[in-house]
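# Remarks on the overall topology
Chain by chain, the residues run as shown.
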4 protein chains.
Amino acid sequence: MSKYDYIKEEAFKANMQLPELKLVLFTFGNVSAADRNLGVFAIKPSGVPYEELSADKMVIVDFDGKTVEGDLRPSSDTLTHAVLYKHWEKINGIVHTHSTYATAWAQSLRDIPIYGTTHADHTTADIPCAAPMNDEMIKGNYEYETGFQIINALKEKKLSYEDVEMMLVGNHAPFTWGKTAAKAVYNSAVLEEIAKMAYITESIKADALRLKDALIKKHFERKHGPDSYYGQV
Amino acid sequence: MSKYDYIKEEAFKANMQLPELKLVLFTFGNVSAADRNLGVFAIKPSGVPYEELSADKMVIVDFDGKTVEGDLRPSSDTLTHAVLYKHWEKINGIVHTHSTYATAWAQSLRDIPIYGTTHADHTTADIPCAAPMNDEMIKGNYEYETGFQIINALKEKKLSYEDVEMMLVGNHAPFTWGKTAAKAVYNSAVLEEIAKMAYITESIKADALRLKDALIKKHFERKHGPDSYYGQV
Amino acid sequence: MSKYDYIKEEAFKANMQLPELKLVLFTFGNVSAADRNLGVFAIKPSGVPYEELSADKMVIVDFDGKTVEGDLRPSSDTLTHAVLYKHWEKINGIVHTHSTYATAWAQSLRDIPIYGTTHADHTTADIPCAAPMNDEMIKGNYEYETGFQIINALKEKKLSYEDVEMMLVGNHAPFTWGKTAAKAVYNSAVLEEIAKMAYITESIKADALRLKDALIKKHFERKHGPDSYYGQV
Amino acid sequence: MSKYDYIKEEAFKANMQLPELKLVLFTFGNVSAADRNLGVFAIKPSGVPYEELSADKMVIVDFDGKTVEGDLRPSSDTLTHAVLYKHWEKINGIVHTHSTYATAWAQSLRDIPIYGTTHADHTTADIPCAAPMNDEMIKGNYEYETGFQIINALKEKKLSYEDVEMMLVGNHAPFTWGKTAAKAVYNSAVLEEIAKMAYITESIKADALRLKDALIKKHFERKHGPDSYYGQV
């Protein structure tokens, strides 16, 4: 028994959702779940196949990226998670995948335009794609810098991490986050679907138009904010 | 026991078909089933995951959109269903999904051209895409107006809801209907397949031609009308 | 017990392969299996869902399209099957599907170019697409004429039904055939895969070149003819 | 019991992974596993459906392509495997598939550009596409020449088989290899995913740029070489 059992279980269950939702091939993804009171998060061990995962294999890491408990090496993306948890105080879950369509958008270095209400139900902004970092940063503390790359790209676009819970890292792949690990996983699946729909939309109509503001606002507010009326109270 | 048990069961079963037919991600869809004698319909509760649904969770609503029975809040699209049931007297089932290819067509604001007999087997018209409503309507009673948006788009194109049981709402997603909830679900799956085929057809041949009238007529009449000879008597 | 039990069983099993190979949505397809000695074929009843099929529901029809045994109405495409069996003496199985990619090629009215060895392993020709029939024929005995449309398109292209066991009917969908019903089903799955690969190939390289003759010949002869060396003796 | 049981079992298990990973339709693929001490490899028998495979049906072949043990005829691609094992001393597994997206790239005769880190995690080079061989070689010992076609294409591009474990044979399909049969299968699945992502990337952005050198180097070295830090020690 450990005081970290709860987030280990949460991180384990959330990680197992990735192959079920067809968001990862082999080990191309990871989920973490944080406990703000304990100042740590549980994350998938690096390179361990999903079929061999269990809750007790999750690694406990603090917000500086130092391993606190666990026999295995944590995900190679651990420092990116740590940076985001440290700077974004209201998130408790982070997901990184290489899901096919979102990754293709990241490879194209394009933001995903908001083409419809499926997108607006989740955020009012185009899904931002952070530019690849400069060569010095890449050669330096790469995963740590990836965290700042994400934080800075949101800032530059004047977006809040509470409003936009998903993002593309240019030439790399998507990251998503949320108030829980389960919500971050949900966001990963939504992003993949939005990415696929936007790709097909542009194939059907090369000059497709962004959704107009009134519809963006309406759909977002149906699901979010004080006047939302989606779901159960 | 309730006099609504039958349509609750019908709506429940029809809703459960959506994930099975891969027409919905998470809760992005809903089905309703109407009882004309009782003047009500049963509809999915809002935001409840399919794996947690059961017949007794269905909400009973009248054709003005007022909840008649049920502990849960009905689908946020309930008023759209209510408007359609009220105006189209011969339908008893309605489906709304965000299925991938049909939604991409809706996002492109294009009607789906009738390119082949798979389409003509089900309707003789291009699948209509209703233009997005004006900003005043969006800010007003949005879901209620969506119902009229659908009804008016059909009228403008001089189409009957009995002949065309599927439609795209521009920038949003598809709606389908039918004489039963099961038929409306069937129509949703057919629409998604037609949408995918039309997309691929245009990729293979940018200037693909619409099906000629004689073939449209022939295929539709094989399956519909007095001289149909498809299926069992 | 009936002397037709064997082909009923064969047709039943072959029909059940279609949903398993994801070649049909709902009832959009049918398979028949012929017995040349008895001069009949067993075919799927019209409009019956695959999950309700059984061997005893197969309908026995002669090569003129007349029902010989069975309580159900045979597939609406029965006359097309009958015409092909009557004219092509060496085939004992026919399949019709509306599989997604092959149907999209049919809707584009294009032959599928032979772009690689996957295609050449099965036939040396581009997969022919028969032009839509003229309006008089459509209004006449449509399914009967569809049989001749297939036969004549092959003749015009100087192809033999023994060398090319698959074809697109323009604006409609694919038909395949073979020495057995199982082989015809195999051909349907191969056609769908070839159609998908050709579509992606052209997307990757708009002016992709047909496979050169030496490779076509080599790959076809590896699997077919006196010097073949694929499979077990 | 035979001294070859171990590699038969290894080859069998690796072959069974191909349909599970959706890399093969019917029998369109094969895996072999080598034992360097015994100077032989175990390979799938030709044309046998995966559902009928078992370890004892694997065929034992030496590095000149001569069958050493086994009642069945080995894969028609056996000589290609033999040539590669003979010339590349550090590989112990080879896979050939006709996986959809990789085959479409092979049919387009294009190398797969390195567009993102998913690709760079596995190799620093574009995935090479070997030009189709000349007609004399095709008419000659085709499968044997295919081996040399692969070896020579790598040489011409100054690539090492230890750095690039996957390749496209122009107009044909992919081959992958690795230190074990399991690793070669893994590479086949990775190649298919990279091929799909690159195809979508170019559809989203026609003039997508190759990944810059610093990112290629960083991602490859995260997973490979003396300073790698991915996975467990």
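Structure shown above.
Nothing here was measured: the structure is a model prediction, and the numbers come from that model. (Residues numbered from 1 in each chain as written. Chains lettered and ligands numbered in written order. Predicted model: local features only at pLDDT ≥ 70, side-chain atom pairs only at ≥ 80, totals over all residues. Heavy atoms only, no water.)

### Some words on the pairing of strand β3 (residues 59–62) of chain C
All names here are of chain C. Side-chain alternation along β3 places V59 and V61 on one buried face and I60 and D62 on a second face that is also buried. Inspection of the sheet shows strand β2 (residues 40–43) paired to β3 by four bridges, in the antiparallel sense. Bridge pairing in β3 links A42 to I60. Sheet analysis places β3 next to strand β4 (residues 67–69), joined by two bridges and oriented antiparallel. In the strand pairing of β4, I60 is matched with E69. (Buried < 20%, exposed > 50% of the residue type's maximum accessible area, 1.4 Å probe, protein only. Helix = DSSP H or I, 4+ residues; strand = E, 2+ residues; numbered from the N terminus. Pairing = 2+ DSSP bridges.)

### Topic: the interface of chain A and chain B
Facing 34 residues of chain A, the contacting portion of chain B comprises 34 residues. Taken together, both faces of the contact between chain A and chain B bury some 3,100 Å²; the carbon and sulfur share is 59%. The largest per-residue losses of area from chain A upon contact with chain B belong to I204, Y230 and Q232 of chain A, which jointly make up 20% of the total buried on that side. On inspection of chain A and its partner chain B, the count reaches three salt bridges. Across the salt bridge formed by D135 of chain B and K212 of chain A, the nearest N and O atoms sit 3.0 Å from each other. (Contact = heavy atoms within 4.5 Å. Buried area = accessible area lost by both parts, 1.4 Å probe. Salt bridge = Lys/Arg side-chain N within 4 Å of Asp/Glu carboxyl O.)

### Some remarks on the side chain of S99 of chain A
Looking at the element boundaries, S99 of chain A is found in the loop between β5 (93–97) and α3 (100–108). Relative accessible area serves as the criterion here: at 2%, S99 of chain A is assigned to the buried category. A distance of 2.5 Å separates a polar atom in the side chain of S99 of chain A from a polar atom in the side chain of E192 of chain A. Excluding its chain neighbours within four sequence positions, the residues that come into contact with S99 of chain A are L23, P174 and E192 of chain A together with M197 of chain D. (Polar contact = N/O pair within 3.5 Å; in protein donor to acceptor, adjacent residues only side chain to side chain.)

### A few points about the interface of chain C and chain D
Contact residues are listed per partner, giving 34 residues for chain C and 34 residues for chain D. Of all residues in chain C, I204, Y230 and Q232 of chain C bury the most surface against chain D, accounting for 20% of the area lost on that side. For the pair chain C and chain D, the number of links is three salt bridges. The interface formed by chain C and chain D includes 20 residue pairs in polar contact (both at pLDDT 80 or more). Contributions of two or more residues to the side of chain C that touches chain D are made by α4 (117–120), α7 (181–204) and α8 (213–223) of chain C. By residue number, the principal contributor to the side of chain C that touches chain D is α7 of chain C, which donates 12 residues. Its residues assigned to classes, the side of chain C that touches chain D shows 16 nonpolar, 10 polar and eight charged. (Nonpolar A, V, L, I, M, F, W, Y, C, P; charged D, E, K, R; others polar.)

### Observations regarding the side chain of T123 of chain D
Residues and elements named next belong to chain D. Relative to the assigned elements, T123 resides in the loop between α4 (117–120) and β6 (129–130). Given a relative accessible area of 1%, T123 falls into the buried group. Looking at T123, its side chain comes within polar contact range of the main-chain nitrogen of A125, at 3.4 Å.

### Brief notes about the pattern of salt bridges
Once the charged atoms of two side chains with opposite charge are near each other, the side chains can pair. By the definition in use, this model includes 52 salt bridges over all chains. For D77 of chain C, the salt bridge goes to R222 of chain B, with nearest N and O atoms at 3.4 Å. Remark: R222 of chain B occurs in helix α8 (residues 213–223) and D77 of chain C occurs in the loop between β4 and α2 (78–87); the pair is interchain, linking two chains. Several salt bridges converge on common partners, so that one network encompasses D77 and E143 of chain A together with R222 of chain D.

### Looking at the relation of the copies chain C and chain D
Mapping chain C onto chain D is achieved by rotating through 90° and translating by 0.0 Å along the same axis, at an RMSD of 0.0 Å. Classification of the inter-copy transformation places it as that of a four-fold axis. Nearest to the rotation axis, the C-alpha of S203 of chain C is located 5.5 Å from it, this being the minimum over chain C. When the interface residues of chain C are mapped onto chain D, a mere 3% of them again lie at the interface, so each copy presents a different face. (Least-squares fit on C-alpha atoms with pLDDT ≥ 70 in both.)

### A word on helix α3 (residues 100–108) of chain B
All names here are of chain B. The element α3 is extensively covered by neighbouring structure, given that nine of its nine residues are classed as buried. Turning to α3, its buried residues number three or more, namely T100, Y101, A102, T103, A104, W105, A106, Q107 and S108. Following α3 by one or two positions, L109 adopts a phi angle in the positive range, close to 60°.

### Focus: the pairing of strand β8 (residues 174–178) of chain B
All names here are of chain B. Across the five residues that make up β8, a large majority, five, are buried. Side-chain alternation along β8 places P174, T176 and G178 on one buried face and F175 and W177 on a second face that is also buried. When strand β5 (residues 93–97) meets β8, the two strands line up antiparallel, connected through four bridges. Among the inter-strand pairings, I94 is bridged to a residue of β8, identified as W177. In terms of strand pairing, strand β7 (residues 166–169) meets β8 through three bridges, oriented antiparallel. Across the sheet, the residue bridging to L168 is P174, located in β8. Counting the residues between successive antiparallel strands, the hairpin from β7 to β8 contains four residues, one of them, N171, with a positive phi of roughly 65°.

### A word on the sheet that holds strand β3 (residues 59–62) of chain D
The strands that make up a sheet are held in pairs by hydrogen bonds between backbone atoms, and each pair lies either parallel or antiparallel. Residue and element names in this part refer to chain D. Pairing in this open sheet of eight strands is mixed, and the strands run β4-β3-β2-β1-β5-β8-β7-β6 from one edge to the other. Each edge of the open sheet carries a strand with a single partner, namely β4 (67–69) and β6. Along the sheet, helix α1 (residues 5–20) contacts β1 (29–35), β2 (40–43), β3, β4 and β5 (93–97); its crossing angle with β1, the most-contacted strand, is approximately 155°. Contacting β6, β7 (166–169) and β8 (174–178), helix α6 (residues 142–156) crosses the sheet at an angle of about 120° to β7. (Axes fitted to C-alpha atoms, helices over the stretch in contact; angles between N-to-C directions.)

### Topic: the relation of the copies chain A and chain B
For the pair chain A and chain B, the best superposition has an RMSD of 0.0 Å and corresponds to a rotation of 90° with a translation of 0.0 Å parallel to the axis. A low fraction, 3%, of the interface residues of chain A reappear at the interface in chain B, so the copies pair through non-equivalent surfaces.

### Some details on helix α1 (residues 5–20) of chain A
Residue and element names in this part refer to chain A. Taking 1.5 Å of rise per residue, the 16 residues of α1 would be expected to cover 22 Å, and the 23 Å separating its terminal C-alpha atoms lies within 8% of that figure. Within the span of α1, buried status applies to I7, K8, A11, F12, A14, N15 and L18. The elements touched by buried residues of α1 are β1 (29–35), β2 (40–43), β3 (59–62), β4 (67–69), β5 and α7 (181–204). Following α1 by one or two positions, K22 has its phi on the positive side, about 55°. (Expected span 1.5 Å × (residues − 1).)

Taken by themselves, the reported measurements are silent on function.
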